[in-house]
Each structure stands twice: as structure tokens, then as C-alpha cells.
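# Descriptive structure summary
Spelled out, the chains give:
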Amino acid sequence: TRHVALRFPEGAGPAAEAERRVTSVPELFLTAVKLSHDNTGARYLHLAREDTNNLFSVQFRTTPMDSTGVPHILEHTVLCGSQKYPCRDPFFKMLNRSLSTFMNAFTASDYTLYPFSTQNPRDFQNLLSVYLDAVFFPRLRELDFWQEGWRLEHENPSDPQSPLIFKGVVFNEMKGVFTDNERIFSQHLQNRLLPDHTYSVVSGGDPLCIPELTWAQLKQFHATHYHPSNARFFTYGNFPLDQHLEQIHEEALSKFQKIEPSTSVPAQKPWDEPKEFQITCGPDSFATDPAKQTTVSVSFLLPDITDTFEAFTLSLLSSLLIAGPNSPFYKALIESGLGTDFSPDVGYNGYTREAYFSVGLQGIAEQDVETVRTLIDRTVDGVVEKGFEDDRIEALLHKLEIQMKHQSTSFGLTLTSHIASCWNHDGDPVELLQLGDLLVKFRQCLKDNPKFLQEKVKQYFKNNQHKLTLSMRPDDKYHEKQAQMEAEKLKQMVGSLSPKDKQLIYEKGLELRTEQSKPQDASCLPALKVSDIEPTMPVTELRVVLAAGDTPVQYCAQPTNGVVYFRAFSSLNTLPEELRPYVPLFCSVLTNPRLEEEDRFRVLVRMTAQELSNGVPDSGHLYAAIRAGSSLTPAGGLQETFGGMDQVRLMKSVSEMADITPVLRKLPLIQKHLLNCNNMRCSVNATPQQMAPAEQAVGSFLRSLRRSQREPAHPHVVEKPAHGGSDGNRQACGSQMVRKLITDPAFKPCPTKTHFLLPFAVNYVGECVRTVPYSNPDHASLKILARLMTAKFLHTEIREKGGAYGGGAKLSHSGVFTLYSYRDPNSVETLQAFRKAVDWAKSGKFTQQDIDEAKLSVFASVDAPVAPSDKGMDHFLYGLSNEAKQVHRERLFAVTRDSLVAVSHAYLGTASSTRSWAILGPENAEIAKDPSWVTR
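Chains are numbered independently. Their residues run from 1 in the order of the written sequence. Given that the model is predicted, a residue must reach a pLDDT of at least 70 before its local features are reported, and side-chain atom pairs must reach 80 or more before they are shown or counted; all residues, however, enter totals for whole chains, interfaces and linings. For the side-chain quantities, the full set of heavy atoms in the structure was used; hydrogens and water were omitted.

As annotated in an unreviewed UniProt entry, the protein carries the name Presequence protease, mitochondrial and is attributed to Microcebus murinus. UniProt, in its Cofactor (unreviewed entry) section for the protein, records the words "Zn(2+)". UniProt positions are given in the numbering used here, feature names are shortened, and annotations may be inferred rather than shown by experiment. Under Subcellular location (unreviewed entry), UniProt gives the following word-for-word description of the protein: "Mitochondrion".

Given below as C-alpha cells:
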């Protein structure tokens, strides 16, 4: 480490001299620069790395002492306009005025983080300016607090006779969050294991406490927490540091004086004896066995996360204890057959000042709680006595070393998230990045003391009195009781209102509606222009050769840090229809050895069924869209079979089977079709030096597979060449990548309406329309239109007015145009908003500026960075040549107002197109009495 004096920009005065600590971190190919600002005490970390995807983030230590959700509502509200950028919602507006590769904000238990990334230097300065002004000088208007946080408002804002209800984006978001039983469990676990300070509350907000937050409290929380003295700035990438420092000083830091923030989190007082708690949750509508819906876990408080080496050791120890079928807890708990999967938050959790380790089971019978506790204690004793096999430790360290070499496109985001918690509590973020040093030290400790890990298990698990047993069982009336408590809260608040208050609420509701419906002027915000977008795209060099007879293999030389990435793609064209639903299960078995044994297979099925059902609340909008699209294209039906609600329900029924052997017998049949050279093509991404050995390895892999000519199960299989050479010249690569595609000449798209009845407090709504695929000239206009409808119409209607957490429109490669909403208090009203969005598009009520913004937004995703491991994938998977992509690019540039109005009429107009709908959500009287809807 060398020390260099660094002056902050001229005019910052000699006091702004800072000590600059520069540390090289060769294992991550970066150099770290640590600074602090004299005048305010703000801290700064810059990670210089040859990566064009540059990232900025600023984080504040936010330590609420109640569950009103103040840090979360503040995170939403600061993004609704600031002094320099007084327009409404600059955050969402910048999504369409920039080429950002990422923009978001996160509220954790004890910090709030605001990151963005982009590859364009001017864009970086624009976004930095908007972010700095938002966090340090927000307007925090009362109307924004009402929209984003909570408000009392008439169900129909224009009818003062309609009942008053709670509304607000965060209020509905948190209601959605707590329909997820895993979240209920995790939240209680943290609150009860760390009960002394900020970790005992819900930082995101408890829906029953959110209505206690006042606008004055929100502004006060901002004043005490969002100050440079309580801030940590982070930049990453290849843009020059000095420019960042100058802009941050100029636009923010120079306007503040140092304060002493009182936001630090004291250490949790350790317990003298273990504790236990029981909680309840809603019933799981996908539970494989209604009598087995209890979850139990045992958790242990661990040391402070700022002790970097101890934290590293404990996180590795946690992986050894629970990861993979050979780990002690997997063998003891999962293979016992008592439950379906590990309990939520299993393993090492390093997101609080003191870490914790948690292990247990979900999907157990209530009477098995004691058995599980005994198994956990017995497993701990066993590890203290026997330790771990050397080859398991070695395999884990090897995996860590590969992870260090793997380059993701969002490496800056990964790093800012990785260091956030430790840095938040004044730990050294650079130490955390020096994984090489930590690994060397870890190996040395094992060498010096072979019982090193056993002693840790004894110290932190066996002899630890700060131990919490938490169990959660379903209560059929849970959601009813929550709704009742919300109704009582509402009644109590409405009951205390005077007629004058009620009149004021009615007027404010109308004012908010008017405000939301006003045309918005975003001209104060900086923006890139369409001319800033590169006219041509960089070409990826590929070569395709035939291996082991006639299996095409695509080779793409890339700087992969010495890691070889291999993929095999197998066509399903010979697979009989009745085996298709079991392909996802086959894939899980393929990557989990020894699963042909019935007991292990049953365990995998249970875990898969549990994971699928747990994932529904988080991905409800995707399930709705997959179902709505399933009747529109031949591939849509397959997507529903593989990844839709059909798959969730199939896995539930398989996990309930008394005899699972009929399913197990299907797997070898699937293997014959899928692990067959004739149905396969492969790809390799590696460094040029690794290509020769990689080619040999691929050849011997393919020779080991069967090769048999099978009749296609489907009579209509067409063979489509995808040009292999980067110049599209067939001779250049000596062969062609042939794709066997199934067509169905008799297929007729048909409209469907499905309502999945689920015990949620919110809805997920999807509507799909069949349009035209990527290769059609109109596809580009539809793509821009989807973005335009999201930004200029659906966002306002569904989120701002409707109170849903999100909503929008998107277009798939295959030409399915989807309108969706996420965590939505409405359903039928949202379907009406979708109709209005189409009318809006047909009327052409948008400006050239709107179209340019939509183009910027679409190009931001078209030109999103691609990792070396993924280069050439669109050619390999979809047969997209460089030329096809360039043609599509030129079509995007050429989109006009006329072409947008034309495609709205041609494809989205009701008469001319086939569309389908799906809703996941609670009982719905209107849908129930409409016979065109099928309820499932």
C-alpha cells in the first residue's frame, strides 16, 4: 500500500487534502483507491478496472427504530424530484433519457443504496448529477409521500361517497412481500435473533405500521441520515477518478459541513440461554401435504462482520455444512424425508452487523419439530467429532477460485453489493476484496491446525447460548386476520376524522389525480440523443466446425481469464409428447449425481416442488404472462409445460405420489432422445490458447454419447441453417450450424382467460397479443412501442394511479406482445388500463421526444454489455447472424410516429389480433360471474 497526497478540486481549499490509499487487487484485476473528504468526513472507494461498464453508488447508514418503513418510503420519495430537477419522477424519466445498463435503489435492514451503471461517459455525468441531487436535495413534497408511501383515499377518487381505503406504492409492495411465507419467516428470524436495536423492526415497513408515518417524520429522517458525513461513495470501471471527485465535490459535498451522525448500530447483547418462538403464516396453496406445512430452524449469532477473516472462514464453513448432497446437514435433514427443503435463510447471513447462521427444514409435520432440533444438535456433535473430508474442502476452495475468475457484465454491481454491509459498519472494504490473501490465510490455518474448522463449530454452534429456535405453522385464517387488522386500523383512522378532514382528503385525492394526469415536462433533465448511439454494432468472430462426425460446434475466442465455457443444445424434435413435461426434472437429475436412487430422487422432487411454489409470489407476473401466451404460438404451449403454472402443479402432484417409480422410469427414455449426437449442437467460449485442448475434450465427449437416427415425434421438422462465419460467408467457417425447428402448419392461436385462485393480498395480471417475430420489419416498431407504452402511459396508470408495484409492456423474440402488472391491488381495472393503453397508442398522442426516449431505452438493452462467456450466444441459440442484428438495428433507428401508429392499428387493434389473459390472485367477484373466464 502506498500513500499519496491527493488534492480535491481547486477551490476546495487546502483542507480538502486527503490521504489516498492505493491497493492492487490482482485476483480481481483491479486497483482500489480509498479516500475520505476532510470537510464532511464522506468516505470514498474507487475500484479502477479495465471494464467499460462503469458503476456509481452512494449508500447511507439508515437505522430506523420502528416498522413504519421510513427508510423504504424515503428511498422511493427522494426519486420523485429534486431542487435542480423539479420534474415529477426524474428517476423513471432517466430510464428513457440514458443508455444506462442498470438503475435502481435498495433498502436493506441498515443501509439504503443508490447504484447506476453505464458505458457512456456523458451519460455517467448526467446520471451522477440526477442521483446526487435526488439524495442530497430532494423536494420531498407531501403529494409524493402520499403517492409513494401511504394515503387515505376514496376507492374511486372522484366519488366522495365511495369508501375510504389505504393506498400507496410502498404500502401495496409490502402487502405483496408478506404474502410470501418465506419472507414472513426471514423477517421474524432477524427481528427475534437481534432484538436490541434496528434489527428488531421491519425496515421495508409493516403494512399495519406504515399508516403511522407522518410527512414530518419522513423529512426529519432525511435530514439526519442523508448527509455526506453518513455517506459512502463508490465508483468502479475505467472512467477517470478525478472527474468523478470533482463533480461530487462541486454538486454535493461543497454544500455541507461535517456532522456527527448517530446512526451506528451497537453490538447485540449475547443471551445467557437459548430462546424459542412460534409464529403463524398463510396456508401454502401448493403444499404437497396439507398436514406438513410447518417450518422450523435453529439459528446462532456469530461475530461482527467487520472481522473480515473470521467472516470469510464462517461463510466457507457454512457452505461445507449445508451445500450439496454430501454435506452433513443435507444428509441429516433433507435425506431424512421429514420435510421438503431447507428452511428460508439457510446458511451464513452476513447482512447485519453481527452475522448469523441458520439451518432447519420446511414442509414438516408439526409433531416433527423436536425431531428436527435433535437432528441439528446431533449433526453439530458429529462435525465437532469428525470434521470434513479434505476433498470437500478442496472442491469448495476450487469453486471459489473459479468464481473469482468468472467475469459477469455487472461486476461493479456485484462488488458494491458485496462490500455494502461490512463498509456500512466501518469495516475495511478493500480487505474484503483481497480474496487471494484470505484464501492463503485459510489454507495456512488448516495446515497449522487440522481441527481448525471443528473448533469453530464447537465455539459458534455447540457452545453458543445465543441460539434461537423459530417455528412457523400455517393458520387457515391468517390472511383473513391480517385483512381484519387492516380493516380495524382503517376504521379507527377514519373514525377519528372530522367532516372537514374528510373534505380535505377528498380534495387532496383529486389534486393527486390531477397531478398524475398532467402532461409532464421533463426538459430540466439531462438526456443523451439518438445520435449518441453507435450506428453499427461490434462484430463477434465465430467459427463453426463439425466434431465427432457431424455435430456442429461453435468456437468463440474470448478473454475468459482461463475459464472454459461449454454448452450443449439438444433439440426435442424426436421426444414423444407425453415425456415433455418431465424434461425440467430430467435436467435437475442430470446435474445431480446418484439421483437414480429412488430415495434421493424423491428428495429432489420435493425440493423442486417446494422451490417452485415458493417462487410464485415473486414471479407472479411471469407466470401470468406465460399462461396468457401459451395459446398464441406453438412454442408458447411448451413454455407453459416447462416453466409455467402447469409445471408448478405437475411437480406438486409428482411429489404427492405414493409410488414415484413410474416417473423415475421416464428419465432414461428422455435421456435416449436428448443425449443423442444427432439432436445436438455445442458451443465453446475460451481463450485462444485453450481452444486446441477444448476441441479434443468436446470431441471425446461427443464420441461417448449415443448416435441413433430416430424419427421426429413431430411430422413437421424444418432444417434452418444459421450462417456461421462472422461475415455470413458459408465457406469462411467450412460448415453451417443447422437448427432443427418444429413447425405446426395446423396450429391456430386461440383466445383464453385464466384466473389462478391464490391466497394472495395482491394480483399479477397478464395480457398477451400475437404479433410478428424478430425477422419481420414491423417487429422493430412494436419493440419501441412497448417501451413507449410503458414509460408514457402504463407506468402512470398502473403504478402511480393504481398503486401497483409495477407494470408495463414487453415484446418477445417470437412476437408475443405482453402487457403486465406486478403486486397489483386491482385486476379488472388493470385490464381496462391495458385497453386504454392500446387506444392511446392508436391515437398517436406522443411526441418526437417521447419516441427518441423510447429508442434510447431500447438501445440501452440492445447494447447492454455481454460477458466473454456469453458472446456469440444469440447466434448459437437463435441463429441470429451479425447481419440480421445489424438489419434489426437499422430498423429500430428508422421507427417513426407513423410506423408506431400503424403497428398499433395492425396488431394491437381488438378485431384483428388474437389475445389471451391470465390473472394470479385472490377471489374476484367480477371474474367469477363472467363465464368467459376459467378459474383454476
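The discussion continues.
## Some thoughts on the overall build of the protein
Helix and strand assignments follow DSSP, with helices taken as H or I runs no shorter than four residues and strands as E runs no shorter than two, numbered in order from the N terminus. From N to C terminus, the protein includes 33 helices and 29 strands. Restricting the calculation to C-alpha atoms gives the radius of gyration, and the globule rule supplies 2.2 Å times the number of residues raised to the power 0.38. A compact globule built from 936 residues would reach a C-alpha radius of gyration of about 30 Å, and the protein, at 29 Å, matches this within 12%. C-alpha atoms of the protein, sized along the principal axes, occupy 75 × 75 × 65 Å. Whether a residue is buried, partly exposed or exposed follows from its accessible area with a 1.4 Å probe, protein chains only, as a fraction of its type maximum: under 20%, in between, or over 50%, in that order. Among the 936 residues that make up the protein, the fraction classed as buried is 57%. Here, residues are in contact when the closest pair of their heavy atoms is within 4.5 Å. Pairs at least 24 residues apart make up 79% of the contacts formed inside the protein by residues separated by at least 6 positions. Carbon and sulfur atoms provide 52% of the accessible area of the protein, an area that totals close to 39,000 Å². Both charge centroids of the protein, one from 99 positive and one from 109 negative side chains, sit 3 Å from each other. Exposure was quantified through the Shrake-Rupley algorithm and a 1.4 Å probe, taking into account, for residues, occlusion by the shown protein chains and nothing else. All tallies of charge rest on Lys and Arg as positive and Asp and Glu as negative; His and the ends of each chain are not included. In plain terms, the charge of a residue is placed at NZ if it is Lys, CZ if Arg, CG if Asp and CD if Glu.

## Digging into the sheet that holds strand 27 (residues 816-824)
DSSP calls a pair of strands paired once it identifies at least 2 bridges connecting them. Reading across the sheet, the six strands line up as 26-27-25-28-24-29 and stay open at both edges, with mixed pairing between neighbours. Looking along the sheet, the strands with just one partner apiece sit at the ends: strand 26 (806-811) and strand 29 (934-935). Where strand 25 (residues 763-770) meets strand 27, seven bridges bridge the pair, whose relative direction is antiparallel. Bridging from a neighbouring strand, Gly-766 pairs with Tyr-820 of strand 27.

## Describing the environment of Lys-269
Within the secondary structure, Lys-269 is located in the loop between helix 8 (241-251) and strand 12 (275-281). Excluding anything up to four places from it in sequence, Lys-269 contacts Asp-196 and His-466.

## Things to note about the nonpolar core
The nonpolar side chains of a soluble globular protein tend to be buried with one another. We define the nonpolar core as a collection of buried residues of types Ala, Val, Leu, Ile, Met, Phe, Trp, Tyr and Cys that are connected through side-chain atoms lying within 4.5 Å of one another. Core analysis: the largest hydrophobic core is formed by 82 residues, its most contacted members being Phe-56, Tyr-114, Phe-136 and Phe-233. A total of nine residues in this core trace back to one element, the largest contributor, which is helix 3 (residues 121-136). Filtering out sequence-adjacent residues up to four positions away, Phe-233 remains in contact with Ala-42, Arg-43, Tyr-44, Leu-45, Phe-56, Ser-57, Val-58, Leu-132, Phe-136, Ile-248, Leu-253 and Trp-423. Listed in part, the 68 residues of the second largest apolar core include Val-296, Val-298, Leu-432 and Leu-439.

## So, the pairing of strand 5 (residues 54-61)
For strand 5, the tally of buried residues reaches eight of eight residues, placing the bulk of the element in the interior. Both faces of strand 5 are covered, namely the face carrying Asn-54, Phe-56, Val-58 and Phe-60 and the face carrying Leu-55, Ser-57, Gln-59 and Arg-61. As judged from the eight bridges shared by strand 5 and strand 8 (residues 111-118), these two strands associate in the antiparallel manner. Bridge pairing links Ser-57 to Pro-115 in strand 8.

## Description of the packing of aromatic side chains
Centre distance within 6.5 Å is the pairing criterion for rings of Phe, Tyr and Trp, where only the six-membered ring of Trp is used; planes under 30 degrees apart are then read as stacked, over 60 as edge-to-face, and the remainder as tilted. Evaluation of the coordinates by the stated rule reveals 33 aromatic pairs. Taking the centre distance of 5.6 Å and the plane angle of 90 degrees together, the rings of Phe-91 and Phe-92 count as edge-to-face. Assessed through its relative accessible area of 9%, Phe-91 is described here as buried. Given a relative accessible area of 26%, Phe-92 falls into the partly exposed group.

## Examining helix 12 (residues 390-405)
Between its first and last C-alpha, helix 12 extends 23 Å over 16 residues, near the 22 Å set by a 1.5 Å rise per residue. When we look at burial in helix 12, the residues that qualify are Arg-392, Ile-393, Leu-396, Leu-397, Leu-400 and Met-404. For helix 12, the buried positions fall inside an angular range of 135 degrees around the axis, keeping them on one side. Looking at the packing, one finds that the buried side of helix 12 touches helix 9 (308-322), helix 10 (328-332), helix 15 (435-448) and helix 16 (452-462). A helix is expected to span 1.5 Å for every residue after the first. By definition, the arc is the one covered by directions from the helix axis to the C-beta atoms.

## Structural notes on the pairing of strand 8
Of all eight residues making up strand 8, eight are buried, and the element is well covered by its neighbours. Burial along strand 8 is two-sided: Tyr-111, Leu-113, Pro-115 and Ser-117 and Thr-112, Tyr-114, Phe-116 and Thr-118, pointing in opposite directions, are all buried. Bridge count between strand 6 (residues 102-103) and strand 8: two bridges; the pairing is antiparallel. Each bridged residue has a counterpart across the sheet, and for Met-103 the counterpart in strand 8 is Phe-116. Sheet analysis places strand 7 (residues 106-107) next to strand 8, joined by two bridges and oriented antiparallel. Across the sheet, residue Phe-106 finds its bridge partner in strand 8, namely Leu-113.

## Brief notes about the sheet that holds strand 21 (residues 680-686)
Taken together, four strands build an open sheet; the order of strands is 18-19-21-20 and the sheet is mixed. At either end of the open sheet lies a strand with only one pairing partner, and these are strand 18 (543-547) and strand 20 (565-570). Between one strand axis and the next, the sheet turns through 20 degrees on average, direction left out of account. The pairing of strand 19 (residues 551-557) with strand 21 spans five bridges and is classified as parallel. When the bridges of strand 21 are listed, Ala-557 appears paired with Ala-686. Helix 25 (residues 691-703) rests against strand 18, strand 19, strand 20 and strand 21 of the sheet, and its axis sits at about 160 degrees to strand 19. A fitted line through C-alpha atoms represents every axis, and for helices the fit uses only the stretch in contact; the resulting angles, taken between N-to-C directions, go from 0 to 180 degrees.

## Describing the pattern of salt bridges
Each reported salt bridge corresponds to a side-chain nitrogen of Lys or Arg within 4 Å of a carboxyl oxygen of Asp or Glu. Inspection of every chain in the model, using the stated rule, returns 44 salt bridges. A salt bridge links Asp-144 to Arg-141, with the nearest nitrogen and oxygen atoms 3.0 Å apart. Judged by its relative accessible area of 2%, Asp-144 is buried. Taking the shortest distance from any N to any O, the salt bridge between Glu-486 and Lys-175 comes out at 3.2 Å. One end of the pair, Glu-486, is in helix 17 (residues 478-495); the other, Lys-175, is in helix 5 (residues 169-177), and 311 residues separate them in sequence. Put simply, Arg-43, Arg-61, Arg-232 and Asp-426 are held in one network by salt bridges that share partners.

## Focus: the state of the cysteines
Note on terminology: disulfide denotes any pair of cysteine sulfur atoms within 2.5 Å. Within the structure shown, the criterion is met by zero disulfides. Not engaged in a disulfide, the cysteine Cys-281 finds its nearest cysteine sulfur in Cys-209; these two sulfurs lie 19 Å apart. By relative accessible area, Cys-281 is classed as buried at 2%.

## As for the side chain of Glu-767
With respect to the element layout, Glu-767 can be found in strand 25. For Glu-767, a relative accessible area of 2% translates into the label buried. Within polar-contact distance, the side chain of Glu-767 engages the side chain of Arg-915 at 2.8 Å. Two N or O atoms count as a polar contact when they lie within 3.5 Å, although within protein this holds only if one can serve as hydrogen donor and the other as acceptor, and sequence-adjacent residues are included solely when both atoms are side-chain atoms. Among the polar contacts made by the side chain of Glu-767, one reaches the side chain of Trp-917 at a distance of 3.0 Å.

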